[in-house]
Protein chains: 2
Amino acid sequence: MTTRTLHLNAFLMNTGHHEASWRFPESDPYAHVDLAHYVHLARIAERGTFDSLFLADGPQLWGTVAQRPAGALEPLTLLTALATATEHIGLIATASTSYNSPYNLARRFASLDIVSGGRAGWNIVTTAGAEAARNFGLDAEPAHAERYARAAEFLDVALKLWDSWEDDAIVADKAAGVWGDDAKIHPPRHRGTYFSVEGALNVPRSPQGYPLLVQAGSSEDGKAFAARYAEAVFTAQQTLADAQAFYTDLKARTVRAGRDPEHLKVLPGIVPVIGSTEAEARAHERELEEHIVPAHGVRRLEQLLQLEPGTLALDAELPADLPPEDAIEGAKSRYTLVVELARRERLTVRQLIGRLGGGRGHLTFTGTPEQVADAIETWFTHGAADGFNIMPALLPSGLDAFVDHVVPLLRARGLLRTEYGPRRTLRERYGLPRPANQYTQPSPSAPALV
Amino acid sequence: MTTRTLHLNAFLMNTGHHEASWRFPESDPYAHVDLAHYVHLARIAERGTFDSLFLADGPQLWGTVAQRPAGALEPLTLLTALATATEHIGLIATASTSYNSPYNLARRFASLDIVSGGRAGWNIVTTAGAEAARNFGLDAEPAHAERYARAAEFLDVALKLWDSWEDDAIVADKAAGVWGDDAKIHPPRHRGTYFSVEGALNVPRSPQGYPLLVQAGSSEDGKAFAARYAEAVFTAQQTLADAQAFYTDLKARTVRAGRDPEHLKVLPGIVPVIGSTEAEARAHERELEEHIVPAHGVRRLEQLLQLEPGTLALDAELPADLPPEDAIEGAKSRYTLVVELARRERLTVRQLIGRLGGGRGHLTFTGTPEQVADAIETWFTHGAADGFNIMPALLPSGLDAFVDHVVPLLRARGLLRTEYGPRRTLRERYGLPRPANQYTQPSPSAPALV
């Protein structure tokens, strides 16, 4: 039996996940457009033998640029550049099913998978918010359920496109002048509710068949989608009990969808804040909070809760009359998580901003390397996680600290690989099989599997 | 006065521009998906101090895969990978205005421009053909004029997006907690015939402001578009006289559009077939033709002429009753060029296929390095070209031969740079100014320029 080991993903974000990270002396305020910065981060993550790194994204400029670094290199572009600077680590890009066409996006992920030698992953998002919608010819965002219906059809089309070349479609018979076998090309001829896509993809099937499919929405629609398609799920959970409940629920949904629950990996996001003593770690956490400009934090919280500017008072608790999750058209599960956190701990707006500043609702693990490793081990061995999405408050220093001080402990405990070994695909790193091509017939001479 | 020198672009295409190139012993039939192959080509072009390299594209799988290598890595993805493997050469990707959204495409080009240090170029195409249309929800291709109307609006929106951040929008005042100046962010708020795009781009203005704008259509609509927007034009011309007429016409149109004609560079495509003697070059040319499978060539010619399969007879001339260019909805100018070539020289279908096999209507310069250099110099100094789009029949060997044997002659004649010198943007290589931002006001204390 193979020992179960952690899957670690490095969630990269310019100067770090803390909203005030850019104000620290070590931080480069232009890091978000600096390829060398991201190459440096990717190499730290490879030093830590992470499975993958990940870039979030949305096709809009969020809020104002006064508050903090805004805008970002387009993720597939950045990951392509990182593919050439790294050898082993998986490369997961966020891309929207609401604001892309299946043909173009399927081809771009196949291309990244090819140039990276099978290391591409796609974090599938439906993109909440009217701001994005208005950049693509719409006046308002599509309803939550409609976004997910479109996402499901998008995936079905993309899977047909990725399978539209059988793996052995290229014959390359120079003498006969026959390059490919047209019988092994399968145009989707798809006509659906949201998309009509006739022809085969114009790139051969990639090393992984298609990118690792990742998902991060935790709403009801999101969980149903994950159970059907996702191979890895990023999630925000504030307590061990919540994380266990989410993990159990999602694995059960995967079984009900007819899939092996081992083929969906659950990775809660955590913000590790590390010190050589617990006191030092707490002091670092306070230093982070003190760099938040309160007015910026209030405005960001108002946006998350879909409140008008000026609704929240800094030293009061949240208003009692917030709308239920059902009324939220945006990031539903994040909304509920934040409101429940504030109510459970009776936090003032100021305190809530401090708690959210680091990870936007993700859990902060603050302490010594041993304490952080203990927390990771507890979640991993108590049915709450198959691994973690590591979200350092400051970058690069927070990732360096994790790799230098926590990773050796996890390795010593047998929880994490000590080296990559031979090159593998991202899907192999996550312990998942290469998907079969839906159009490939079993060989007539081969015995039937069922 | 600065001496006028050649602008050279390397048009890269898997195993070469000759349709039978993949059948040669030296050719790798999997080159089209091999990053190392393209890195090798890019480095040869840099050794030849070319201004740029270029990838054609269309969002569909052309015809059958039996004939020759089909499909390709998505160009922006491949060029991003090449950006990290090269230092000086410009990187020009083809992308369609008919099958992309301005917000996504503008961001991707800005991202490539940033990661390449200002070396991005965009070959703007409207994409002919029903096959592409059917991959994007349409039953037939939009009419030629409509495609160009959409392209013009696409460009206007893209230019607004690329200018939506002023160059000094980032303040980065850590002490005050102010990262950007919202007064220097300019959302397009565009509502037009084809597009509605509300918000600013989510990436800052790139080193070049925006990518070098390249165009290659030579129809009436194409030339009008080029005169208005293009900074470099790729074109297929079969005779010096035709090339001179095209050059003169396009420069005059540029002046009529209110632009400096020096700010539009004309680059005819040429297929150099080089031998140490003229006889050796001719023998190489014949060897290329002999590798064409006649049935494949006939079918490709029928597709170009929009004829039913089986219409053409191999040893007869073209039928007399071909439709006029006006009736063609696809690549209009290429259609006319091929028909005129066949009529002028009374070529049989077999002969025409041989002539087209190398460059699909581009001119083949066959001879010794001196003869090829002479032809280049003649065109360059006789009002036919500002440079050339170099399209080797075989890759990499044809590009190696050009760089090793023709480039030294061009340098000795003072027609081509001998080294790159300091790093420059692609637009600087082409002798073009960095575009001003349409939203930036002149400083109140600066004297007016007019």
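Notes on the structure in this doc start here. (Residues numbered from 1 in each chain as written. Chains lettered and ligands numbered in written order. Predicted model: local features only at pLDDT ≥ 70, side-chain atom pairs only at ≥ 80, totals over all residues. Heavy atoms only, no water.)

**Quick word on the environment of Pro-142 of chain B**
All names here are of chain B.
Piece 1. With respect to the element layout, Pro-142 can be found in the loop between helix 4 (130-133) and helix 5 (144-162).
Piece 2. Note on Pro-142: relative accessible area 18%, which makes it buried.
Piece 3. Through-space distance from the C-alpha of Pro-142 to that of Ala-130 is 8.5 Å; in sequence the pair is 12 residues apart. (Helix = DSSP H or I, 4+ residues; strand = E, 2+ residues; numbered from the N terminus. Buried < 20%, exposed > 50% of the residue type's maximum accessible area, 1.4 Å probe, protein only.)

**Topic: the nonpolar core**
Piece 1. Core analysis: the biggest nonpolar cluster contains 170 residues, and Phe-50, Trp-162 and Phe-402 of chain A together with Phe-50, Trp-162 and Phe-402 of chain B have the highest contact counts within it.
Piece 2. Aside from chain neighbours lying at most four places away, what touches Phe-50 of chain B is Leu-8, Asn-9, Ala-10, Ala-45, Ile-89, Ile-390, Leu-399, Phe-402, Val-403, Val-407, Arg-417 and Tyr-420 of chain B. (Core = buried A, V, L, I, M, F, W, Y, C linked by side-chain atoms within 4.5 Å. Contact = heavy atoms within 4.5 Å.)

**Let's talk about the environment of Ser-116 of chain B**
All names here are of chain B.
Piece 1. Tracing the backbone shows Ser-116 in the loop between helix 3 (102-115) and strand 4 (120-125).
Piece 2. Ser-116 gets classed as buried once you look at its relative accessible area, which sits at 1%.
Piece 3. Through-space distance from the C-alpha of Ser-116 to that of Ala-106 is 15 Å; in sequence the pair is 10 residues apart.
Piece 4. Within the structure, the side chain of Ser-116 is placed 2.7 Å from the backbone oxygen of Leu-112, a separation counted as a polar contact.
Piece 5. A distance of 3.4 Å separates a polar atom in the side chain of Ser-116 from the backbone oxygen of Asp-113. (Polar contact = N/O pair within 3.5 Å; in protein donor to acceptor, adjacent residues only side chain to side chain.)

**Looking at the relation of the copies chain B and chain A**
Piece 1. For the pair chain B and chain A, the superposition axis carries a translation of 0.0 Å, the fit reaches an RMSD of 0.0 Å, and the rotation angle comes to 180 degrees. Both copies of the chain, as the preceding transformation shows, are related through a two-fold rotation axis. Rotation axis and chain B: the residue whose C-alpha lies nearest the axis is Ala-81 of chain B, separated from it by 2.7 Å.
Piece 2. Looking at chain B, 100% of its interface residues are interface residues in chain A too, so the copies touch through the same face. (Least-squares fit on C-alpha atoms with pLDDT ≥ 70 in both.)

**So, the interface of chain B and chain A**
Piece 1. Between chain B and chain A, the contact holds 73 residues from the first and 73 residues from the second.
Piece 2. The contact between chain B and chain A buries some 5,700 Å² in all, and 60% of this surface belongs to carbon and sulfur atoms.
Piece 3. Together, Val-65, Lys-174 and Trp-179 of chain B form the three largest contributors to the area buried by chain B at its contact with chain A, with a combined 14%.
Piece 4. Seen at the junction of chain B and chain A, the total is 4 salt bridges.
Piece 5. Here Arg-107 of chain A and Asp-57 of chain B are joined by a salt bridge, their closest N and O atoms 2.7 Å apart.
Piece 6. Summed over the shared surface of chain B and chain A, the result is 44 residue pairs in polar contact (both at pLDDT 80 or more).
Piece 7. Broken down by secondary-structure element, the contributors of at least two residues to the side of chain B that touches chain A are helix 2 (75-83), helix 3, strand 5 (170-173), strand 6 (178-180) and strand 8 (196-197) of chain B. (Buried area = accessible area lost by both parts, 1.4 Å probe. Salt bridge = Lys/Arg side-chain N within 4 Å of Asp/Glu carboxyl O.)

**Notes on the pairing of strand 9 (residues 212-215) of chain B**
All names here are of chain B.
Piece 1. By the alternation rule, side chains of strand 9 split into Leu-212 and Val-214 and Leu-213 and Gln-215, which are all buried.
Piece 2. Sheet topology note: the strand 4/strand 9 ladder contains 4 bridges and is parallel. Bridge pairing in strand 9 links Ile-124 to Gln-215.
Piece 3. Relative to strand 10 (residues 232-235), strand 9 is paired through 2 bridges, and the arrangement is parallel. (Pairing = 2+ DSSP bridges.)

**Considerations on the packing of helix 2 of chain B against helix 3 of chain B**
All names here are of chain B.
Piece 1. Following both chains from N to C, one finds helix 2 and helix 3 inclined at 15 degrees, their axes separated by 10 Å at the closest point. When the axes of helix 2 and helix 3 are compared, the pair comes out roughly parallel. For the pair helix 2 and helix 3, the sense of crossing is left-handed. Mapping the contact onto sequence places Leu-76, Thr-77, Leu-79 and Thr-80 in helix 2 and Leu-105, Arg-108, Phe-109, Leu-112 and Val-115 in helix 3.
Piece 2. Here the contact of helix 2 with helix 3 is composed, by residue class, of 6 nonpolar, 2 polar and 1 charged. (Axes fitted to C-alpha atoms, helices over the stretch in contact; angles between N-to-C directions. Parallel < 35°, antiparallel > 145°, perpendicular 65-115°, else oblique. Left-handed = near helix turned anticlockwise from the far one by under 90°. Nonpolar A, V, L, I, M, F, W, Y, C, P; charged D, E, K, R; others polar.)

It is worth stressing that arrangement in space is one thing and function is another; only the former is reported here.
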